[in-house]
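Structure at a glance
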Amino acid sequence: MALITLVVGPLSFILILYSCIRLFSTRRPQNFPPGPPTLAILGNLHQLPRQKGYLKLAELCWKYSSNGLMGLQLGPSTHAVVINSWKAARDLLDQRGAIYSSRPTVLGVTIVMPPPGDYHLAFLQYGPKWRRERKTAMEFLKKSESEKRIPIDEAEACQLMYELLVEPERFQEHVLRYHGAIIMASAFGTRAKEYVDNSLVKRFFDGQDDWAEILAPGFIPPYDILPFLKVVPEFLTPWRGWREKVESVGRNQHAVYRDLLAGVRERMAQGRGRDCFMKDMLRSQEKDGYSDIDLEYIGGVLMEGGSDTTANAFETFLLAMAAYPSILKTAQQEVDGFYGSDKMPSETNEEELPFLTACFLEILRWRPSLPSGIPHATTQDDTYEGLFIPANTAVLVNIWGINHDPEEFENPEVFDPTRFLRHPSGSKRSQGEYSNTPLGRPVWTFGGGRRVCVGQHMAQKSLLLTMAKVVWCFDIEAVSAGAVDTSVDAFHGGLLMGPKPWQASFRVRGEDRKSIIEREWEKADAYLKGFE
Ligand code: HEM
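Since the structure is predicted, the reported quantities are computational estimates derived from the model, not experimental observations.

Quick look at the overall build of the protein chain now. A tally of helices and strands in the protein chain yields 19 helices and 8 strands. Judged by the C-alpha coordinates and their principal axes, the protein chain covers about 100 × 60 × 45 Å. Taken over 532 residues, the protein chain has a buried fraction of 54%. Counted over contacts in the protein chain with a minimum sequence separation of 6, partners at least 24 positions apart contribute 72%.

On to the packing of helix H7 (residues 171-188) against helix H8 (residues 200-215), then. Viewed as axis vectors pointing N to C, H7 and H8 meet at an angle of 110°, and their least axial separation amounts to 10 Å. Relative to H8, H7 is oriented roughly perpendicular. Of H8, the residues touching H7 (which contributes Leu176, Arg177, Gly180 and Met184) are Leu200, Val201 and Phe205. Counted by class, the contact of H7 with H8 contains 5 nonpolar, 1 polar and 1 charged residues.

Spatially, E1-E2-E6-E3 is the arrangement adopted by the 4 strands of the open sheet, whose pairing is mixed. Only two strands of the sheet have a single neighbouring strand rather than two, namely strand E1 (69-74) and strand E3 (376-377). As paired strands, strand E2 (residues 78-83) and strand E6 (residues 394-397) are joined by 4 bridges and run parallel to one another. Paired with Ile83 across the two strands is Val397, which belongs to E6. Sitting on the sheet, helix H2 (residues 53-64) is in contact with E1, E2 and E6, with an inclination near 120° to E1.

The rules behind each value
- Residues numbered from 1 in each chain as written.
- Predicted model: local features only at pLDDT ≥ 70, side-chain atom pairs only at ≥ 80, totals over all residues.
- Heavy atoms only, no water.
- Helix = DSSP H or I, 4+ residues; strand = E, 2+ residues; numbered from the N terminus.
- Buried < 20%, exposed > 50% of the residue type's maximum accessible area, 1.4 Å probe, protein only.
- Contact = heavy atoms within 4.5 Å.
- Axes fitted to C-alpha atoms, helices over the stretch in contact; angles between N-to-C directions.
- Parallel < 35°, antiparallel > 145°, perpendicular 65-115°, else oblique.
- Nonpolar A, V, L, I, M, F, W, Y, C, P; charged D, E, K, R; others polar.
- Pairing = 2+ DSSP bridges.

What follows is the structure in structure tokens.
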């Protein structure tokens, strides 16, 4: 007995110790891309801050990786790679799209939606459902549909200028209203006239804030990375009440999308209202085989994709114009030169406004609306420059890091639109060097590969239009003493990057322009009444 105790005791201790080490030690696959050292159990988790993680990821990549690809260990056995250079993004996302186009499963996304939780195009796994929904979204964004949107964009942008004239102190709300309104009118045929409590447009944006909060790192317990957390009573953890919050965000979000679609149905039944994309979708619903929930989310996702991102980019433009008066002057000279002083800009295009287009590209590069992108996931094992990337690896596209790569951009932190006049990609390389390594796009802010943003052309069109109108109408200044803060600290730390609250003044550029804004607003209002 004593002998057995003597032998079995230490043996079981060694066995338990071995299992613990196996369970909690972190294991990188062989030849996995290099990355920072790991800790037991956590891997690299402790190095990822909850806010502005893209800054830390860029810093780590520049330190540990020589080809813009860094490997991370998340918990004992989950791995991720971070793409931090345009070349790695092009080689993997664009050129190996068949392998790099899925999405990792995100627990919050599956809970927020009605079961089975797979209604959101941007989070769908690569496969037939994603392909079908992406094709549908592209229908909305194709040229003929964009042409139908021109009068809507034009009228809504005139309303925005009028709102900035008469109520400049609420400019952030007006900017949100405008960006929600163009999708609401073109997709759902309904007008977002005012940004007030209980209006659909405000309910939508309030829901977006909650949605961003639950998607932010750390809001939801990382059961996928640290599965042992599942057995820890929730009240002992910092995640108390997370599921209730996620479910309530989901109910509110779905209610907005349901109400938007119900409005279209009602107007169709009454034989009134303008034509819109969702009317067409309802007409072909049976043939397309979409359920009501599918359609509610298709419309909702278009609203999501197209409003917050563009609104943040436009607000960043306003902040930059307030901070750099000489750049605002150059933009005004270009716009005035093309349109004259007695016509407000309309139907803008990039060939006619090269400097303003350069400002648009620089805004996207300098303060990208989605600095961490949306993660991709691999569907097969792959090898890149001798590095092994296993199937089911999350691929984090660090748009911030790509856009601020000092190898690529002269003084990346400086807001300098002229870099895009000197080089189509804003790079400091000579164009000759690029002809051997074609970039294929000026900025990576819209992501890449088969999941590249479907709305990039729409974003460019609507932003260029409002940028031209606002610099034609107003001198933009910050209402604060001293230099305008454009540092990263002046921007939100959530998933989306846009300026924190700040105060701006919009001084109309003369009485003639004021009368034109008022006259254009009357015409716009008359047109938009058709969507009420
Ligand atoms: C400045 C404006 C915008 C920015 C910065 C932006 C950025 C992005 C990014 C980074 C992605 C992820 C790409 C990837 O996975 O590699 C994305 C996806 C997406 N965007 Fe945008 N976007 C903008 C405007 C729009 C607009 C106007 C729409 C539609 C009306 C839209 C709809 C979508 C959709 C549906 C996806 C998901 C695509 C998929 O997963 O297949 N976006 N966007």
